[in-house]
Amino acid sequence: MAKQQLRKAETHRALLNASSRAFRSEGFSGVGVDAIAKAAGATSGAFYAHLGSKDGAFHAALELGLNEVIETVPAYQDQHGAGWVEAFARYYLGAAHRKDRACGCAMTAMSPDVARAKPDTRALYDQKMRAIAALIAKGLPGETDVLRLNRAWAFLSVLIGALTTARALSDDQLAETLTSAALPVALAAATGGFLS
């Protein structure tokens, strides 16, 4: 019985990870259930048994992806101290992150599809993005909680918008120019260069 439960848990994890990679890389409409199941080494029947539906898989993959950000932000704050904002922004806008769509940030990769998702998925997104903004705000300068939170939202908006646009460009040099131009804007937004 324990062996069967372990195998079931492994299948669930494989399907969730395959869903996450597929939705980040190809978008909701760019991938089907059969392709996700195949990538996980499972059957379509197993997909439905574990994740319920394509919408259910997207919801679970979104939660997984945004939880990764919730874990990453404090890790950057601990590891980089006062320089965490710049370290995080450089990583986020960097070429390696830009080119790794399947394992890149769910905030950038999945937000466009969330805008067309079911209400429960949009509510999950709101909840997780509020948590991410609050974590970022804790590590920013500012006299009030409201000011720090405003700076966090501005910082996130610049990063997500710049990465989304850079990934859409076919010219790699132009994408590099865009992200290089966005970096100081993101840092200014986070540290009070624009909002006071």
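Below or above, wherever it landed, is the structure these notes cover. (Residues numbered from 1 in each chain as written. Predicted model: local features only at pLDDT ≥ 70, side-chain atom pairs only at ≥ 80, totals over all residues. Heavy atoms only, no water.)

Going through the model one piece at a time under the given rule, you end up with eight salt bridges. Of the charged contacts in the structure, one is a salt bridge between Glu 86 and Arg 90, with a shortest N-O distance of 2.9 Å. With a gap of four residues between them, Glu 86 and Arg 90 both fall in helix 5 (residues 84-93), about one helical turn apart. According to the relative accessible area criterion, Arg 90 is partly exposed, its value standing at 48%. The residue Glu 176 makes a salt bridge to Arg 98 at a minimum N-O spacing of 3.3 Å. Here Glu 176 is found in helix 10 (residues 172-191), whereas its partner Arg 98 is found in helix 6 (residues 95-99), with 78 residues between them in sequence. For Glu 176, a relative accessible area of 31% corresponds to the partly exposed category. Within the structure, one salt-bridge network assembled from shared partners comprises Arg 98, Lys 99, Asp 172 and Glu 176. (Salt bridge = Lys/Arg side-chain N within 4 Å of Asp/Glu carboxyl O. Helix = DSSP H or I, 4+ residues; strand = E, 2+ residues; numbered from the N terminus. Buried < 20%, exposed > 50% of the residue type's maximum accessible area, 1.4 Å probe, protein only.)

As a further point, take the packing of aromatic side chains. Evaluated as defined, the whole model comprises 10 aromatic pairs. Ring centres of Phe 23 and Phe 58 lie 5.3 Å apart, and the angle between their planes is 80 degrees; this geometry places the pair in the edge-to-face category. A residue pair is termed long-range when its members are at least 10 positions apart, and Phe 23 in helix 1 (residues 2-26) and Phe 58 in helix 4 (residues 54-80) qualify at 35 residues. The same class applies to Phe 23 as to Phe 58, namely buried. Measuring from ring centre to ring centre gives 5.6 Å for Phe 28 and Phe 58, while their planes differ by 90 degrees; the resulting arrangement is edge-to-face. On the criterion of sequence distance, the pair formed by Phe 28 in the loop between helix 1 and helix 2 (33-39) and Phe 58 in helix 4 is long-range, its members being 30 residues apart. Overall, Phe 28 belongs to the partly exposed group, its relative accessible area being 23%. Aromatic rings pair up to connect Tyr 76, Trp 84, Phe 88, Tyr 91, Tyr 92 and Phe 155 into one cluster. (Phe/Tyr/Trp six-rings, centres within 6.5 Å; stacked < 30°, edge-to-face > 60°.)

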